[in-house]
Amino acid sequence: MLEESKYYFNKAAEVLELQTLGRKILETPFRVVKVEIVTDADDGTFNHHIGFRVQHDNSRGPMKGGLRYHPSVDEYEAEALASLMTWKTAVVNIPYGGAKGGVNCDPEKLSEKELHDITRTFVGHIKEVIGPKLDIPAPDVNTNAKIMGWIMDEYSQHYGFSPGVVTGKPLHLFGSEGREEATGRGVMIALEHALKDKKMSFEGLRVAVQGFGNVGSHASRLIAEKGAKIVAVGDHKGGVQNPEGLDVEKLGEWVKKNRTVAGFDGGDAFESTEVLTWDCDVLIPAALGGVLTKENAKDVRAKIVVEAANGPTTPEADEIFFKKDILVIPDILANAGGVTVSYFEWAQNIQQFRWELERIKNELYQTMTKAYNDVADIAKSKNVDMRTAAFVLGIGRVARATMSRTHMSSAQFDEY
Ligand code: NAD
């Protein structure tokens, strides 16, 4: 994933005519933290895991990004995802830099008590480098509001009441209205604008979704509410399809109990990976990175791909989509709704003030719409695809902030 994120960075850096030193300064992470986590296991032995926090850039504000609990977590994945956060927060123009991290573990094999202990120990080891003005974690794959609550509590035991240290907290523990569904809502808003560009509409639109966790489930629900049909959903255990459209509410209830879409009786089962090449108008990858590759991209039948997941498309697949005139709404735009409402949550926490849901929805809509239009304008004026345009917008804003905080002039930045 790191190679891929560097490829997209360099493609945009060419458009921006950034020279070697400028690229190096923007690409290199500010700080990489790796910690050992040893905790009690339920069977009387010990659990041993490695945790990471990569802080990529803080020129535009405190660093921001999710924590992932998954066997794929390592320093390279975290670095790639942290850099994506830097460009993403800049694309939606919120006052943050980028970070990412997590624990290399398989939560399916851990009890809630074990996850709780791992989380507290992890926070204990990284507490000096996170904080409301430093670096503010949030949920990502296999982490949720409950885990964010534990993080707030552990940090507050060391530094005093600090709800602003983490976002995505439970609503009754200084969380924000609308945060849980925010990434899915942002995906729906990005799709609304993409449909306008393609002269298509939600009515009767056939949508296939990979992943039915936080992002996939809320995106599916909100898109179905607009009149689209969710015709296929695949996750880590299986797939379920219904050409008439799945009942997304019922599927959500099933997944809450069974932690997979597999076995849902409101449709027919299929092999999960087939969801990516499903006969549909819109494909929404909302699971893990690197799933759209040169092997399967040529078989993708959707006209629009909305990247709800981070880094789902490899550069080879991206090239194939461009040639096939498939419109790709890139992750750093499409899934930016989550970090945007995280920003609203943090703003409420530091002001000790509450916003109503309607205000959150309106401000999210305006932020996503402005970002979409800014990216589309660059795509048009520079004659590049939406991903390159989004990177140009994000990197350009970070480069300008970096220069303004140092004695580097734009000429110096460009010359090296
Ligand atoms: P989640 O843990 O709630 O859900 C993950 C989903 O992916 C589950 O349905 C799981 O079954 C599925 N999945 C896992 N491995 C799979 C595989 N091999 N094949 C098919 N499906 C698989 O996670 P989430 O928070 O919904 O995050 C999903 C994606 O969205 C990630 O890429 C994440 O980085 C990105 N994202 C999340 C947020 C957020 O606010 N949660 C914000 C921006 C981006």
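Scroll up to find the structure this text is about.
Just so it is clear, the structure is predicted and the values come from calculations on it, not from any experiment.

Reading the values: rules and limits
- Residues numbered from 1 in each chain as written.
- Predicted model: local features only at pLDDT ≥ 70, side-chain atom pairs only at ≥ 80, totals over all residues.
- Heavy atoms only, no water.
- Buried < 20%, exposed > 50% of the residue type's maximum accessible area, 1.4 Å probe, protein only.
- Helix = DSSP H or I, 4+ residues; strand = E, 2+ residues; numbered from the N terminus.
- Pairing = 2+ DSSP bridges.
- Core = buried A, V, L, I, M, F, W, Y, C linked by side-chain atoms within 4.5 Å.
- Domains from an automatic or database assignment.
- Contact = heavy atoms within 4.5 Å.
- Salt bridge = Lys/Arg side-chain N within 4 Å of Asp/Glu carboxyl O.

### A word on the pairing of strand β3 (residues 63–69)
Right, on to step 1. When you tally the buried positions in β3, you get 7 out of 7 residues, the bulk of the element.
Right, on to step 2. The pairing of β3 with strand β4 (residues 97–103) spans 5 bridges and is classified as parallel. Pairing of Leu67 across the sheet is with Gly101, part of β4.
Right, on to step 3. Direction of pairing for β3 relative to strand β5 (residues 135–139): parallel, over a ladder of 5 bridges. Paired with Leu67 across the two strands is Pro139, which belongs to β5.

### Focus: the nonpolar core
Side chains that are nonpolar tend, in soluble globular proteins, to be buried together.
Right, on to step 1. In this structure, Ile223, Ile284 and Ile329 are the most contacted members of the largest nonpolar core, which totals 79 residues.
Right, on to step 2. In this structure, this core is formed jointly by two domains, domain 1 (29–163) and domain 2 (182–334), each of which donates at least three residues.
Right, on to step 3. Filtering out sequence-adjacent residues up to four positions away, Ile284 remains in contact with Val187, Val207, Ala208, Val209, Gln210, Ile223, Val306 and Ala308.
Right, on to step 4. Among the nonpolar cores identified, the runner-up in size contains 23 residues, and Ile37, Leu115, Val123 and Ile147 belong to it.

### Overview of the pattern of salt bridges
Pairing is possible between side chains of opposite charge, provided their charged atoms come close.
Right, on to step 1. Applying the stated criterion across every chain, the model contains 31 salt bridges.
Right, on to step 2. Put simply, Asp106 and Lys109 hold a salt bridge, and the shortest N to O gap is 3.6 Å.
Right, on to step 3. The exposure class of Asp106 is partly exposed, given its relative accessible area of 26%.
Right, on to step 4. Arg120 is the partner of Asp153 in a salt bridge, and the nearest nitrogen-oxygen pair spans 3.0 Å. Of the two residues, Asp153 is situated in helix α5 (residues 145–159) and Arg120 in helix α4 (residues 112–126); the sequence distance between them amounts to 33 residues.

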